[in-house]
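Inside the fold
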Amino acid sequence: MNRLIAALALATVSAPALAAPEALSLDAGWQARIAPEDAAAKTHPREAQWFAVPVPGTVQQALVEQHRVPDPFIGTNEAAIQWAGLSAWDMRRTLDVTPAMLAHGHLDLVFDGIDTFATVSVNGRDVLKADNAHRSWRVPVRNLLHAGANEIVVRFASPIRALQPMVLKEAHPLPGEYDSAFGDEPKGVQTSPYIRKPKYQYGWDWGPRIVNIGLWHGVRLDGWDGARLATLDVQQDALGDREARLTARLAVEADSPAPLTVELVVTAPDGTALPPVTRKVTVDPGHNVVTVPVTIPAPQRWWPVGLGAQPLYKVAARIVDGAGAGQAASRTLGLRTVELIWGNGAFGFKVNGVPVFAKGANLIPFDSFPSRVTAATMDRMLADARAANMNMIRVWGGGTYLDDAFYDSADRLGLMIWQDFMFGGAVPPPDAAYRASVAAEADEQVARLSSHPSIVVWTGGNEVLSGWANWSDRKDFKKAVGPDEQERIATSMTVLFDRVLRDAVAAHSPQTPYWPGSPSTDYEGPVDTDAAGDRHFWDVWSGSKPVENYLDTCPRFMSEYGFQAMPGMATIAEFAGPKVSDPQSPVLKAHQKFLAGEGNSRLAFYLDARLRPAQGTGPARLADFAYLTQVNQMQAIDMAARHHRACAPVTMGSLYWQLNDVWPAISWSSIDHAGRWKLLHYAARRFFAPQALVAEHKGGTTRVAFVSDAQAPLAAQWRLTGRGMDGALLGRAEGDVTLAANGVTEAAQVDDAKVFGAAAPTTSYAVAELSIGGSLVSRQIVERALPKAMAYPDPGLSMAWHGRQVTLTARNLARAVMLDFGTLDAAADDNGFDLLPGESRTLSITSAAPDAALRRALVLRTLAGSH
């Protein structure tokens, strides 16, 4: 009774006097310097003096942007920035506080991201020690502030230097990811496993080593009184055709027992607002969760692209009366159900009850300096993925939890997101403090992202569980530490991945499945096999096995597989200069991280195995080499992805490695760091098409099958036509077919004799075609010999320009036609396609260059040579 009286008194007397909540951005005005006690202050005296630094941003970003170090993305400059990650840094800012701000009962200093080991002080008093880059930090500072100028100082320790004394004392340091190429850490003795920091910063086999330091997200001062609306998340409790039932959960921090009134407004996709829902509650001191049930009549479901529309609802909550009045938060969400199909040899996803074959790629970080990445850049990348008929992107676990803008784009575009927690492959420390830090991170990130319909699965991390089970260095480690320590570490990982992270998803996003690792089998058997769970297949490329090995098995879900290629010459010229001509030159090896630069030899190995030698001399030879590697990549992933689709429903996903680049590189990407499509990305539009044929030649027969994403059967026609290199018709098989709804249709096993007659494999080929309603929708060239053995004729290509369009015509078969504009920034709307004898294609060209420059620059490349 006394508590109720006190609450009423506060509502009637105190509430009108409370000031409106306010947030003051503190992003501007930061300076940095090398910490005076650090030895680098003597070797870099200019940086020992205060200089401007961006927030959000990092010290390294400032050094590059202000030309204090050479750009590590250019030439062989990566080594020149390493000292920055090995140094201690100070950052400071003056905060001007007004009497009105001091009138608030609370003033909280909020850091949305600190990378990573840092001590924050306000007016000389330490208020925070940060140790996790993947979470935010909030500290009360009102009692430390005064009217006028106040000083905030953030002292950063080098993450490597801070951890090395401890790690070097370990008899058996935890197995990590990639050794440093710069001698700052001994081989096999890595500090990265022991820190909650983006793993890719320590270097990967596709990116540089730039161990960032700084305030990589925003900083603000929050003023509030009585109560604070901390977070809003909306959980979907039930979804039917007649109604959807939701629960909005408002986390409220309060000074003391206090009444408040919450109002919730749901806005439908057409902009119509549903009647407001209000709730009056009395909050307790400290943390409170206020739940508000909401019912949406006749709900519109969110669908993955290709299956339906992407209607989005907005849920807006605000405290309209009492403690915290005026505070508001909102979420945009889509209504859908997701089921992880798992068990009895199956793995895949159902969305709204419909099985969905996942078509897509793995996403690595957009840049070594995350704050340089704009919403427009992320939106363009996802739009390019959708343009290639992808419906799923896996956010790989060695990077960062991306900004809301990324997931907003995915929601709008209908792209499903496979979201890893941020574990890249290293064995995590077994101590409780580390798990507690991860728990705080997971709770925050899942709560932040829980309303996004695009996120269809949360996954414990990348290759931690499979590495522990299968990798040779892990096996050596387990043998060295003995059974007791091995058991302690294994148990700790089980607690982390099977309890801590699973519990975070269950608490904040129960409508979304959780999977303990990629690849894994949810602790129900061997991991990374074709028989169960998801698979990472690297026999091809990393294992140097033939590309045709992709055809040997049908995994349940292929979440990683890949093949490298060079970027185009425009990108190469930007980071290596226009005169580079040798794939083994220092600059090209510096931007090839696989096997510490020896990946270019692997590119040559596969060219020798499958295609032909590069032609020409000097830069012209490099341009042909780049083209051939792109053809090899395109053909390899085309073969694998079509096979995966034709393995459905045994296989229910094909996500190639990788969609993008973190810097200008020679890598597995289908879109390079400049945003330019490689031939693979054009091909993805064909092999991920809603309806596609699969023609696989093996053992004297051609398997002809068709895949369709349509939810209803489709009448179609198919044909397999054999031809000689002179264009002569050799044989034909054809028929009518009804494509099964959302599945695979086997059409025929066609004997070679029926199509090729007695022609030699090297002088003949077949054309497989699928038509619907009289229109060609999918086509493949079938060859019985490797491309390097084929007697391709001179294609006799001609071209005719019409403004920004060019028409190509082939006299003979033209395999893998590439419109190559060299170092000129220009792109055709299709590329890497085949032209049959007498066939023409008209392409539109996008470029800022004049028409005359485009015409001079264009070189037509085919497997028969350049033209």
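What comes next is a walk through the structure. What you are looking at is a predicted structure, and each value in this text was computed from that prediction instead of being measured.

What about the overall build of the chain?
Each helix and strand counted, the chain has 18 helices and 45 strands in total. Relative to the globule expectation of 29 Å for 867 residues, the C-alpha radius of gyration of the chain, 29 Å, shows essentially globular dimensions. Principal-axis analysis of the C-alpha atoms gives the chain an extent of 100 × 70 × 65 Å. Counting all 867 residues of the chain, 58% fall into the buried class. Relative to all contacts within the chain whose residues are 6 or more apart in sequence, the contacts with residues 24 or more apart total 70%. A total of about 31500 Å² of accessible surface is found on the chain, and carbon and sulfur atoms cover 53% of it. When the 80 positive and 90 negative side-chain charges of the chain are each reduced to one mean point, those points stand 2 Å apart.

Focus: empty space enclosed by the protein
Tallying each qualifying case throughout the model produces six cavities of 30 Å³ or more. Empty space within the largest cavity amounts to approximately 70 Å³. Considered class by class, the residues forming the lining of the largest cavity number three nonpolar, six polar and one charged. Every residue along the wall of the second largest cavity is listed here: Gln60, Ile81, Gln82, Gly85, Leu86, Ile160, Asp184, Arg209, Ile210 and Val211. In terms of residue class, the lining of the second largest cavity is made up of five nonpolar, three polar and two charged.

Here's the deal with unusual backbone geometry
Here Val55 and Pro56 are connected by a cis peptide whose omega angle stands at 0°. Note on placement: Pro56 falls in the loop between strand S3 (51-52) and helix H3 (59-65). Here Ser518 and Pro519 are connected by a cis peptide whose omega angle stands at 0°. In this structure, Pro519 sits in the loop between strand S27 (514-515) and strand S28 (535-536). Non-glycine residue Asn389 carries a positive phi angle of around 65°. Phi is positive for Trp541, close to 80°, though the residue is something other than glycine. Residue position: Trp541 is located in the loop between S28 and strand S29 (558-560). Residue class for Trp541 comes out buried when judged on its relative accessible area of 0%.

Things to note about the sheet that holds strand S13 (residues 227-239)
Think of a sheet as strands paired side by side through backbone hydrogen bonds, with each pair either parallel or antiparallel. One open sheet accounts for three strands, arranged S13-S14-S17; its pairing is antiparallel. Because the sheet does not close on itself, it has two edges, and the strands there are S13 and strand S17 (286-297). When the angles between neighbouring strand axes are averaged without regard to direction, this sheet yields 20°. Pairing analysis gives eleven bridges linking S13 to strand S14 (residues 243-254), with the strands arranged antiparallel. When the bridges of S14 are listed, Leu239 appears paired with Ala244.

Considering the packing of aromatic side chains
Two aromatic rings, taken as a pair, are described by how far apart their centres are and by the angle between their planes. For the coordinates displayed, the defined rule picks out 38 aromatic pairs. Judged by centre distance (5.6 Å) and plane angle (50°), the ring pair of Trp541 and Phe594 falls under tilted. A residue pair is termed long-range when its members are at least 10 positions apart, and Trp541 in the loop between S28 and S29 and Phe594 in the loop between helix H13 (586-590) and helix H14 (599-610) qualify at 53 residues. Through successive ring pairs, a cluster of aromatic residues spans Trp538, Trp541, Phe563, Phe594, Phe605, Tyr606 and Trp668. Geometry around Phe423 places Arg196 over its ring, the cationic atom sitting 4.2 Å from the centre. Positioned above the aromatic ring of Trp224, the side-chain terminus of Arg228 is 5.9 Å from the ring centre.

Comments concerning the state of the cysteines
Throughout the structure, instances matching the rule amount to one disulfide. Here Cys554 is linked by a disulfide to Cys647, with a sulfur-sulfur distance of 2.0 Å. Taking the sign of the torsion about the S-S bond as the criterion, the disulfide between Cys554 and Cys647, at about -55°, is left-handed. On the criterion of sequence distance, the pair formed by Cys554 in the loop between S28 and S29 and Cys647 in the loop between helix H15 (618-646) and strand S30 (653-656) is long-range, its members being 93 residues apart. For Cys554, a relative accessible area of 29% gives the class partly exposed.

Regarding the environment of Ser847
Tracing the backbone shows Ser847 in strand S43 (residues 840-847). The exposure class of Ser847 is buried, given its relative accessible area of 19%. Distance from Ser847 to Ala828, taken between C-alpha atoms, is 9.0 Å for residues 19 residues apart in sequence. Contact partners of Ser847, with chain neighbours within four places excluded, come to Arg804, Asp825, Ala826 and Leu854. From its side chain, Ser847 meets the backbone oxygen of Asp825 in a polar contact 2.7 Å long.

Considering the packing of H14 against H15
Where H14 contacts H15, the two axes come as close as 10 Å, and the packing angle between them is 75°. For the element pair H14 / H15, the angle class is roughly perpendicular. Where H14 abuts H15, its residues Asn600, Leu603, Ala604, Tyr606, Leu607 and Arg610 lie against Phe625, Leu628, Thr629, Asn632 and Gln635. Among the residues forming the contact of H14 with H15, the class breakdown is six nonpolar, four polar and one charged.

Some remarks on helix H11 (residues 472-508)
End to end, H11 covers just 37 Å across 37 residues, shorter than the expected 54 Å (1.5 Å per residue, more than 12% under). At Gly482, H11 shows its largest kink, close to 120°, and the proline Pro483 lies no more than four residues downstream.

Things to note about the pairing of strand S19 (residues 328-333)
Bridge analysis of strand S18 (residues 313-322) against S19 gives six bridges, and the strand direction is antiparallel. Bridging from a neighbouring strand, Ala317 pairs with Ala329 of S19.

Section: the pattern of salt bridges
Across all of its chains, the model carries 49 salt bridges by this definition. Here Asp851 and Arg804 are joined by a salt bridge, their closest N and O atoms 2.7 Å apart. Taken together, the positions of Asp851 in helix H18 (residues 851-857) and Arg804 in the loop between strand S38 (798-802) and strand S39 (805-809) put the pair 47 residues apart, joining distant regions of the chain. Since its relative accessible area comes to 32%, Asp851 is described here as partly exposed.

Overview of the environment of Ala238
Along the chain, the position of Ala238 falls in strand S13. Placed 99 residues apart in sequence, Ala238 and Thr337 show a C-alpha to C-alpha distance of 8.8 Å.

What counts and what doesn't
Residues numbered from 1 in each chain as written. Predicted model: local features only at pLDDT ≥ 70, side-chain atom pairs only at ≥ 80, totals over all residues. Heavy atoms only, no water. Helix = DSSP H or I, 4+ residues; strand = E, 2+ residues; numbered from the N terminus. Rg over C-alpha atoms; globule rule 2.2 N^0.38 Å. Buried < 20%, exposed > 50% of the residue type's maximum accessible area, 1.4 Å probe, protein only. Contact = heavy atoms within 4.5 Å. Areas by Shrake-Rupley, 256 points an atom, 1.4 Å probe, with all protein chains shown as cover. Lys, Arg positive; Asp, Glu negative; His and termini not counted. Charge placed at Lys NZ, Arg CZ, Asp CG, Glu CD. 1 Å grid on protein atoms, 1.4 Å probe; cavity = no way out; pocket = protein on both sides within 12 Å on 5 of 7 lines; lining within 4 Å. Points joined across faces, edges and corners; volume = space filled by probe spheres on them. Nonpolar A, V, L, I, M, F, W, Y, C, P; charged D, E, K, R; others polar. Pairing = 2+ DSSP bridges. Axes fitted to C-alpha atoms, helices over the stretch in contact; angles between N-to-C directions. Phe/Tyr/Trp six-rings, centres within 6.5 Å; stacked < 30°, edge-to-face > 60°. Lys NZ or Arg CZ within 6 Å of the ring centre and 35° of its normal. Disulfide = S-S within 2.5 Å. Polar contact = N/O pair within 3.5 Å; in protein donor to acceptor, adjacent residues only side chain to side chain. Parallel < 35°, antiparallel > 145°, perpendicular 65-115°, else oblique. Expected span 1.5 Å × (residues − 1). Bend = angle between axes of the 7 residues up to and from the residue. Salt bridge = Lys/Arg side-chain N within 4 Å of Asp/Glu carboxyl O.

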